[in-house]
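The residues making up each chain are set out below.
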Amino acid sequence: SNWTEKEKEEFHKEIFRLRKNIPLLSKSMNMSICNAFTYYLGTFKKSDNYRLLKTVCCQERALKQAASDQGLDACVICGDGGSLLICDGCEGEYHMTCLSPRLAVVPEGDWQCDDCVNRQFLEARDYLIRNSTIYDRVEDKKRKMEE
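Rules behind the numbers
Residues numbered from 1 in each chain as written. Predicted model: local features only at pLDDT ≥ 70, side-chain atom pairs only at ≥ 80, totals over all residues. Heavy atoms only, no water. 1 Å grid on protein atoms, 1.4 Å probe; cavity = no way out; pocket = protein on both sides within 12 Å on 5 of 7 lines; lining within 4 Å. Points joined across faces, edges and corners; volume = space filled by probe spheres on them. Nonpolar A, V, L, I, M, F, W, Y, C, P; charged D, E, K, R; others polar. Salt bridge = Lys/Arg side-chain N within 4 Å of Asp/Glu carboxyl O. Helix = DSSP H or I, 4+ residues; strand = E, 2+ residues; numbered from the N terminus. Buried < 20%, exposed > 50% of the residue type's maximum accessible area, 1.4 Å probe, protein only. Core = buried A, V, L, I, M, F, W, Y, C linked by side-chain atoms within 4.5 Å. Contact = heavy atoms within 4.5 Å.

Peer 1: Help me get a handle on the layout of surface pockets, residues and values and all.
Peer 2: The computed volume of the second largest pocket comes to approximately 280 Å³. Forming the boundary of the second largest pocket are 13 residues, of which I77, Y94, L99, S100 and D114 lie nearest the centre. Among the residues forming the lining of the second largest pocket, the class breakdown is 9 nonpolar, 2 polar and 2 charged.

See the structure below:
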């Protein structure tokens, strides 16, 4: 990497402070997201600091989950209480300002967090793949071409 020692130190400090939020880190360091991701994936993930950061994030997640399991109202993202929006899929609680993009008004009807929406999308995709005949037709064409 062509990073100076000062840039590496700042990256390590910011990655811990921002808990792996690369877009925010790139803004705080005035660099492109691509440059930040390249360093993160190519250098930082191979370091002992990465393993430490991963451990810290896992412990924080476990503490937040334990607080939630005990009935303490806390935002899944920041861990603070207050006025929270509850996901109809997983019962996770969120500040509207912690969501990305932020919500200006409380949604009408059912609302689901990104994790639940992503999970439903992947389940629907897998269902369609399993029940689609298009792959069978492609495989049939491949076999005929090989014969």
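Peer 1: An account of the pattern of salt bridges is needed here, citing residue identities and associated values.
Peer 2: A full pass over the atoms with the stated rule returns 4 salt bridges. With a closest N to O distance of 2.7 Å, R17 and E14 form a salt bridge. On the criterion of helical spacing, the pair formed by R17 and E14 is a turn pair, its members being 3 residues apart in helix 1 (residues 5-17). The closest approach of N and O atoms between R119 and E123, which form a salt bridge, is 3.7 Å. Here E123 and R119 lie together in helix 5 (residues 114-131), a separation of 4 residues that amounts to about one turn. Relative accessible area serves as the criterion here: at 39%, R119 is assigned to the partly exposed category.

Peer 1: So what's going on with the nonpolar core? Residues and values would help.
Peer 2: Ranked by internal contacts, the top residues of the largest apolar core, which has 16 residues, are F11, I15, L25, Y40 and F44. The set of elements that each furnish at least two residues to this core consists of helix 1, helix 2 (22-28), helix 3 (33-42) and helix 4 (48-69). Those residues within four positions of F44 in sequence are excluded, and the remaining contacts are F11, H12, I15, F16, Y39, N49, Y50 and L53. In this structure, C87, L99, W111 and C113 belong to the second largest nonpolar core, which totals 8 residues.

The values reported here are purely geometric and, on their own, carry no functional implication.
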